[in-house]
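Okay, here's what each chain looks like letter by letter:
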Amino acid sequence: MSNTDAGAPDSPDSITVYSDYVCPFCYLGRQSLEAYQETREEPLAIDWHPFDLRAGQRGPDGEIDDSADTGKDEAYYEQARENVRRLQDEYDAEMAQELRTDVDSLPAQIVSVHVRETAPDSWLAFDEGVFAALWQEGRDIGDREVLADIAGDVDGLDPAVVDEALDDDDLRDRVTDLFTAARERGVSGVPTFAYDGHAARGAVPPEQIRRLVGDV
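Visitor: I'd love a proper account of the packing of helix α1 (residues 24-37) against helix α2 (residues 74-91), names of residues and values included.
Guide: In contact at an axis separation of 10 Å, α1 and α2 are set at 15° when each is read in the N-to-C sense. Considered as vectors, α1 and α2 are oriented roughly parallel to each other. α2 is crossed by α1, and the crossing has left-handed handedness. Between α1 and α2, the residues in contact are P24, F25, L28, Q31 and S32 and A80, N83, V84, L87, Q88 and Y91, respectively.

Visitor: Just give me the short version of α2, but keep the residues and values in it.
Guide: Between its first and last C-alpha, α2 extends 25 Å over 18 residues, near the 26 Å set by a 1.5 Å rise per residue. Turning to α2, its buried residues number three or more, namely A80, V84, L87, Q88 and Y91. Considered in projection along α2, the buried side chains sweep an arc of 105° and stay on one side of the axis. In α2, the exposed positions angled more than 90 degrees off the buried face are occupied by E74, A75 and D89. The secondary structure elements touched by the buried residues of α2 are α1 and α8 (206-212). Positive phi appears at D92, one or two residues downstream of α2, with a value of about 50°.

Visitor: An account of the pattern of salt bridges is needed here, citing residue identities and associated values.
Guide: Scanning the model with the defined rule gives 15 salt bridges in all. The salt bridge involving E74 is made with R81; its shortest N-O contact spans 3.0 Å. By relative accessible area, R81 is classed as partly exposed at 23%. Counted as one network, the salt bridges with shared partners bring together E74, E78, R81, R85 and E98.

Visitor: Report on the side chain of R100, specifying residues and quantitative values.
Guide: When you line up the elements, R100 lands in the loop between α2 and α3 (106-118). In this structure R100 comes out as buried when scored by relative accessible area, which is 18%. With residues up to four places along the chain from it excluded, the contact list for R100 reads R54, L134, W135, G138 and R139.

Visitor: Let's hear about the layout of surface pockets: which residues, and what values?
Guide: Here the largest pocket is characterised by a volume of approximately 530 Å³. Along the walls of the largest pocket sit 27 residues, with L53, R54, K72, Y76 and Y77 positioned nearest its centre. Counting residues per element, the ones that place at least two in the lining of the largest pocket are α1 and α2. Per element, the largest residue contribution to the lining of the largest pocket is five residues, and it comes from α2. Broken down by class, the residue content of the lining of the largest pocket amounts to 13 nonpolar, eight polar and six charged. Space inside the second largest pocket adds up to approximately 350 Å³. What lines the second largest pocket is a set of 18 residues, and nearest its centre among them are R30, E34, I46, L124 and E128. Of all the elements in the fold, those that place two or more residues in the lining of the second largest pocket are α1, β3 (45-50) and α4 (120-135).

Visitor: Any details on α1? Residues and values, ideally.
Guide: Here α1 spans 20 Å end to end across 14 residues, near enough to the 20 Å set by a 1.5 Å rise per residue. Among the 14 residues that make up α1, 11 are buried, leaving the element largely enclosed by the rest of the structure. Listed in full, the buried residues belonging to α1 are P24, F25, C26, Y27, L28, G29, R30, S32, L33, Y36 and Q37. For α1, the secondary structure elements touched by its buried residues are β2 (14-19), β3, α2, α4, β4 (192-195) and α8.

Visitor: Just give me the short version of the packing of α3 against α4, but keep the residues and values in it.
Guide: Look at α3 against α4: their axes get within 7 Å of each other, and the N-to-C directions meet at 160°. With respect to α4, the axis of α3 lies roughly antiparallel. Handedness of the α3/α4 crossing: left-handed. Two secondary-structure elements touch here, α3 through A108, V111, S112, V115, R116, E117 and T118 and α4 through P120, S122, W123, F126 and V130. Here the residues of the contact of α3 with α4 sort into seven nonpolar, three polar and two charged.

Reading the values: rules and limits
- Along each chain, the written sequence defines residue order, and numbers are assigned to residues from 1.
- Given that the model is predicted, a residue must reach a pLDDT of at least 70 before its local features are reported, and side-chain atom pairs must reach 80 or more before they are shown or counted; all residues, however, enter totals for whole chains, interfaces and linings.
- Calculation of side-chain values draws on the structure's entire complement of heavy atoms; hydrogens and water are dropped beforehand.
- Between N-to-C directions, angles cover 0 to 180 degrees, with each direction set by a line fitted to C-alpha atoms, over the stretch in contact for helices.
- To qualify as a helix, a DSSP run of H or I must reach at least 4 residues; to qualify as a strand, a run of E must reach at least 2; elements of each kind are numbered from the N terminus.
- Should an angle fall under 35 degrees it is called roughly parallel, over 145 degrees roughly antiparallel, and 65 to 115 degrees roughly perpendicular, with every other angle called oblique.
- Here is the rule for handedness: rotate from the far helix to the near one, and if that takes an anticlockwise turn smaller than a right angle the crossing is left-handed, while a clockwise turn gives right-handed.
- Contacts were defined at the residue level, with two residues in contact if any of their heavy atoms lie within 4.5 Å.
- Given the number of residues in a helix, its expected span is that number minus one, multiplied by 1.5 Å.
- Each residue is placed in one exposure class: buried if its accessible area under a 1.4 Å probe, protein chains only, is under 20% of its type's maximum, exposed if it is over 50%, and partly exposed if it falls in between.
- Along the arc lie the directions from the helix axis toward the C-beta atoms.
- Salt bridges are identified by distance alone: a Lys or Arg side-chain nitrogen within 4 Å of an Asp or Glu carboxyl oxygen.
- Put plainly, a pocket is an open set of points on a 1 Å grid over the protein atoms alone with protein on both sides within 12 Å along at least five of seven lines, a cavity is a set where a 1.4 Å probe fits but cannot get out, and a lining residue has an atom within 4 Å of a point.
- Grid points are joined across faces, edges and corners, and a volume is the space filled by probe spheres set on the points.
- Under the scheme applied, nonpolar residues are Ala, Val, Leu, Ile, Met, Phe, Trp, Tyr, Cys and Pro; charged residues are Asp, Glu, Lys and Arg; polar residues are all the others, including Gly.

Written out as structure tokens, the structure is:
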């Protein structure tokens, strides 16, 4: 836990979370946060900020270029898989796979930002639905139809919200600006949890989140 410019939450009743849906550690970090939330009388609201792990791999049509140099070799990915399996056991998390490198989360993040802005009471259920679709069901959250299915399962959302979001070029630009803003605030990896000027990075255990928010 350290000082950071990642940004304080909007209120003492919320925790800031930077994440990307295609990051397995973001999914696992949310399992940890949920476990911590269950120990509170009133859960903290989640002040979510999107982060882009696919930058540099995305082609002009949104396809993922598997040949792009990410600086990560097979040894890195095998270590990542081992870490995912360890945390999966630790947090008793349901997962269909340890990694998913062929999925682009940009469409899901665009829709998620739109839902948060237009139907905030439905955002958390949509957000959790995206994570579940990818990591529990192995579905491609870069696909419009998959996102529409997720939206259709959320109370208060119309599946048409997906086309509304993905056909909005201005919204896409704003989401890209949010990616840039996260890096300018010093966020270099996800998940990053921030509270009151301090941050913890990684799928940290519930006890560390408790210390981060001063709930000791």
